Amino acid sequence: MIGRTSLRSLLLLMYLYHGAYSAHFTYKPIGQTYPCILMDAEFSIKIIADSDKYIADVWQLDSLDPDKISVIGNCGESMASLILGFKEDVMWSFIFKNKGDFVTLDRFLIFTPREIFTESVTNISDPVTFNDPDTIPLSRTNESFVCTSKNRTEYLPSKPIPGDIKFSVLTKIHHFKVQAFGVKRGKYSPSVSCHEDNQTTPTPPTTPSTTTTTVAPTNAPDNTYYVNNTQNTSFCIILTGRIDIDVRYKYKTEGDVVKTRTVVFPIPRNATFDGSCNLPDGTQNLVLEFSNCTLEFLFWKNITKDSTSLYHSSAQESLDYRIKSINLVYTNHHNIFPGSILPDGKIVQENSTERESYYPHKSRGTDYYSCSSEIKMKINKNVAITTSEFKYKAFNTDKDMKFDGTASECSADNSHDSVQNAIIVLSVIMVLVIFIVITAIILYIRKRRRSYKSIRG
């Protein structure tokens, strides 16, 4: 599918390697002097078309050029809306509701698949709607809402979409500030912050636990976690990368209606960690601990045939090892999970329900697993982790923490390489075309000059 993608889509895919830029949006009704809705945001949107037959095709939108984003809206006492319009008639709607002097936000995105993807991908010409599954609590009507933390959301289709193409909508937004009620003279009111911004990470204990082994070498990069063997002669597990945990939980609204909401926990750089190189069943585990949360990666040697892994670029006849499961234990604190229907302080355990072949594996003949791209891995229907710049070794016998040798790369990285190669080829072709055109013009001018001289002679 990538090979059939238009030049425009290929160029847009280059944005996958760049961050978005913060943009300022306002809505001012006709006849009014000042806007009634203010919003600042740095965001990116990915619309993905995927099939069992093809590599995923991606359409990227972001806040890179706000002048090319149209804004319409509506202001009212109980409801207000701000709608951002992008090219190809993609519409991103923010619906604000004032319930008892408290503001909530619902979001949805509308697009026509046939308008943004080529006919070889889909022929669906009717608009489809994807909703943010969570209603976001913001602030009181006389306050603005601020959230500088990065929030990732996967939108869900409002109804089933026909055909064998699976569409996904992923948004990433941060440096977010908004006010839709009580705006005075076009300026933000005093703000309240989201609970992610208010989170604090406790200082790690100075005394290591009995299962923690030696101290990491001084050259270990941030966000690197490891386990030593009992003789302290090698690192059996080395894992590095950015990891965010998405927890979906149920909460009650002021009207006692049960809804769902997602909280994102970025694992801090100072998270403590331990694990084991020799569990009784032959597996190994790495356990990360932070802010009353425990995240466990369980690794398993696998010598069976498997061709169903979601995170590898091709089927493998024999595998070295894989992540067998990912498990999470956390404490339900109401300041982190506002309105949760579970008691404050309750310990919640979330274990993997996904099949083992779902998780990333290192294939035989390679030295470690690597995936630079941002990838979401489900633990179960309530919990997922999002990783980037993610690498790991397990059942390792090296005495250092380097990722040397050949990497077993994820399919997302291979897709990016294909796109980069296509862009390079297209760039070379464009340079050649320009060179040929310039050469032809020069030859034409010289020929005309010779003709003119022969006529005068």
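Relevant structure appears above.
Everything in this summary refers to the structure shown in the same document.

Scoring rules and cut-offs
- Chains are numbered independently. Their residues run from 1 in the order of the written sequence.
- pLDDT decides what is reported in this predicted model: residues at 70 or higher carry local features, side-chain atom pairs at 80 or more are listed and counted, and totals for whole chains, interfaces and linings draw on all residues regardless.
- Where side-chain values are given, they derive from all heavy atoms of the structure, hydrogens and water being excluded.
- Here a strand is any run of E in DSSP of at least two residues, a helix any run of H or I of at least four, and the numbering for each starts at the N terminus.
- Throughout this description, buried means an accessible area under 20% of the type-specific maximum (1.4 Å probe, protein chains only), exposed means over 50%, and partly exposed covers the range between.
- Note that accessible areas follow from Shrake-Rupley with a 1.4 Å probe, and for residues the cover is restricted to the protein chains shown.
- A carboxyl oxygen of Asp or Glu within 4 Å of a side-chain nitrogen of Lys or Arg is what we treat as a salt bridge.
- One bridge is not enough; two strands pair if DSSP finds at least two bridges between them.
- Disulfides are defined as cysteine sulfur pairs within 2.5 Å.
- Within this scheme a cavity is a closed region of a 1 Å grid, computed over the protein atoms alone, that accommodates a 1.4 Å probe without allowing it to escape, whereas a pocket is open but has protein on both sides within 12 Å along at least five of seven lines; lining residues each have an atom within 4 Å of a point.
- Grid points are joined across faces, edges and corners, and a volume is the space filled by probe spheres set on the points.
- Side-chain classes follow a simple rule in which Ala, Val, Leu, Ile, Met, Phe, Trp, Tyr, Cys and Pro form the nonpolar group, Asp, Glu, Lys and Arg form the charged group, and the remainder, Gly included, forms the polar group.
- Put simply, two rings from Phe, Tyr or Trp (the six-membered ring, in Trp's case) pair if the centres are within 6.5 Å, and we call them stacked under 30 degrees between planes, edge-to-face over 60, tilted for the rest.
- Polar contact criterion, stated in full: a pair of N or O atoms within 3.5 Å, where within protein one must be able to donate a hydrogen and the other to accept it, and residues adjacent in sequence count only if both atoms are side-chain atoms.
- Whether two residues are in contact is decided by their heavy atoms, any of which lying within 4.5 Å being enough.
- A residue counts toward a patch only above 30% relative accessible area and without a salt bridge, and it is joined to like-charged neighbours within 9 Å or, for Val, Leu, Ile, Met, Phe, Trp and Tyr, to nonpolar neighbours within 5 Å.
- Asp and Glu count as negative and Lys and Arg as positive, but His and the ends of the chain are not part of the count.
- Positions of charges follow a simple convention, taking NZ of Lys, CZ of Arg, CG of Asp or CD of Glu.

Next up on the list: the overall build of the protein. Check the secondary structure of the protein and you find four helices and 26 strands. Classification of the 457 residues of the protein by burial places 44% in the buried group. Summing over all exposed atoms, the protein offers an accessible surface of approximately 24,100 Å²; the carbon and sulfur share of this is 53%.

This part takes up the pattern of salt bridges. This model, assessed by the stated rule, comprises 10 salt bridges. Of the charged contacts in the structure, one is a salt bridge between lysine 376 and glutamate 154, with a shortest N-O distance of 3.9 Å. Linking lysine 376 in strand S24 (residues 375–378) with glutamate 154 in strand S11 (residues 151–157), this pair joins segments that are 222 residues apart in sequence. Overall, lysine 376 belongs to the partly exposed group, its relative accessible area being 33%. Look at glutamate 154 and you get partly exposed, because its relative accessible area is 29%. Glutamate 374 serves as the salt-bridge partner of lysine 172, at 3.2 Å between the closest nitrogen and oxygen. Remark: glutamate 374 occurs in the loop between strand S23 (368–371) and S24 and lysine 172 occurs in strand S12 (residues 166–179); sequence separation between them is 202 residues. For glutamate 374, a relative accessible area of 31% puts it in the partly exposed group. One connected set of salt bridges, linked through shared partners, spans Arg152, Lys172, Arg242, Asp244 and Glu374.

A few words on the pairing of S11. In this sheet, S11 lies alongside strand S8 (residues 128–131) in antiparallel orientation, the contact comprising two bridges. Residue pairing for S11: asparagine 131 is matched across the bridge by leucine 156. One ladder, built from five bridges, connects S11 with S12; its direction is antiparallel. By the bridge assignment for S12, threonine 153 is matched with threonine 171.

Under the counting rule described, the total for this entry stands at four disulfides. One disulfide in the model links cysteine 36 with cysteine 75; its S-S distance is 1.7 Å. Residues cysteine 36 and cysteine 75 share a disulfide whose torsion about the S-S bond is about 65 degrees; that sign makes it right-handed. Note that cysteine 36 is positioned in the loop between strand S1 (22–27) and strand S2 (37–50) and cysteine 75 in the loop between strand S4 (70–74) and strand S5 (79–85), a separation of 39 residues in sequence. With relative accessibility at 13%, the residue cysteine 36 sits in the buried group. Disulfide partner of cysteine 147: cysteine 194, at an S-S distance of 2.1 Å. Looking down the S-S bond of the cysteine 147 and cysteine 194 bridge, the torsion is 70 degrees, so its handedness is right-handed. Residue cysteine 147 is found in strand S10 (residues 144–147), and its partner cysteine 194 is found in the loop between strand S13 (191–193) and helix H3 (195–198); the two are separated by 47 residues along the sequence. A residue is classified by how much of its surface remains accessible, and cysteine 147, at 5% relative accessible area, is buried.

The next thing to look at is empty space enclosed by the protein. By the definition in use, this model includes three cavities of 30 Å³ or more. Within this model, the largest cavity holds a volume of roughly 70 Å³. When residues in the lining of the largest cavity are grouped by element, the largest group, three residues, is from strand S9 (residues 136–140). Of the residues in the lining of the largest cavity, the class split is seven nonpolar, three polar and two charged.

Let us now look at the packing of aromatic side chains. Per the stated rule, a full pass over the model turns up 24 aromatic pairs. Considering the side-chain rings of phenylalanine 297 and phenylalanine 390, the 6.4 Å spacing of their centres and the 35 degrees angle between planes classify their relative orientation as tilted. With a gap of 93 residues between them, phenylalanine 297 in strand S19 (residues 293–301) and phenylalanine 390 in strand S25 (residues 383–393) connect regions that are remote in the sequence. Here phenylalanine 297 and phenylalanine 390 have matching classes, each one buried. Ring geometry for tyrosine 368 against phenylalanine 403: centres 5.2 Å apart, planes inclined by 65 degrees, an arrangement best described as edge-to-face. A residue pair is termed long-range when its members are at least 10 positions apart, and tyrosine 368 in strand S23 and phenylalanine 403 in the loop between S25 and strand S26 (407–409) qualify at 35 residues. For the pair formed by tyrosine 368 and phenylalanine 403, the shared burial category is buried.

In this structure, tyrosine 226 sits in strand S14 (residues 224–228). Considering only alpha carbons, one finds tyrosine 226 and alanine 394, 168 residues apart in sequence, at a separation of 9.5 Å.

Here the focus is the side chain of aspartate 132. Inspection of the secondary structure puts aspartate 132 in the loop between S8 and S9. Polar contacts involving the side chain of aspartate 132 include one to the side chain of arginine 107, which spans 2.8 Å. Within polar-contact distance, the side chain of aspartate 132 engages the backbone nitrogen of aspartate 134 at 3.0 Å. When neighbours within four sequence positions are excluded, aspartate 132 is seen to be in contact with Arg107, Thr153 and Tyr155.

Turning to a positive patch on the surface, a few remarks are in order. A cluster of basic residues, Arg446, Lys447, Arg449 and Arg450, forms a positive patch at the surface. With respect to the helices, strands and loops of the structure, arginine 450 is situated in helix H4 (residues 411–456). Here arginine 450 falls in the exposed class, since its relative accessible area comes to 55%.

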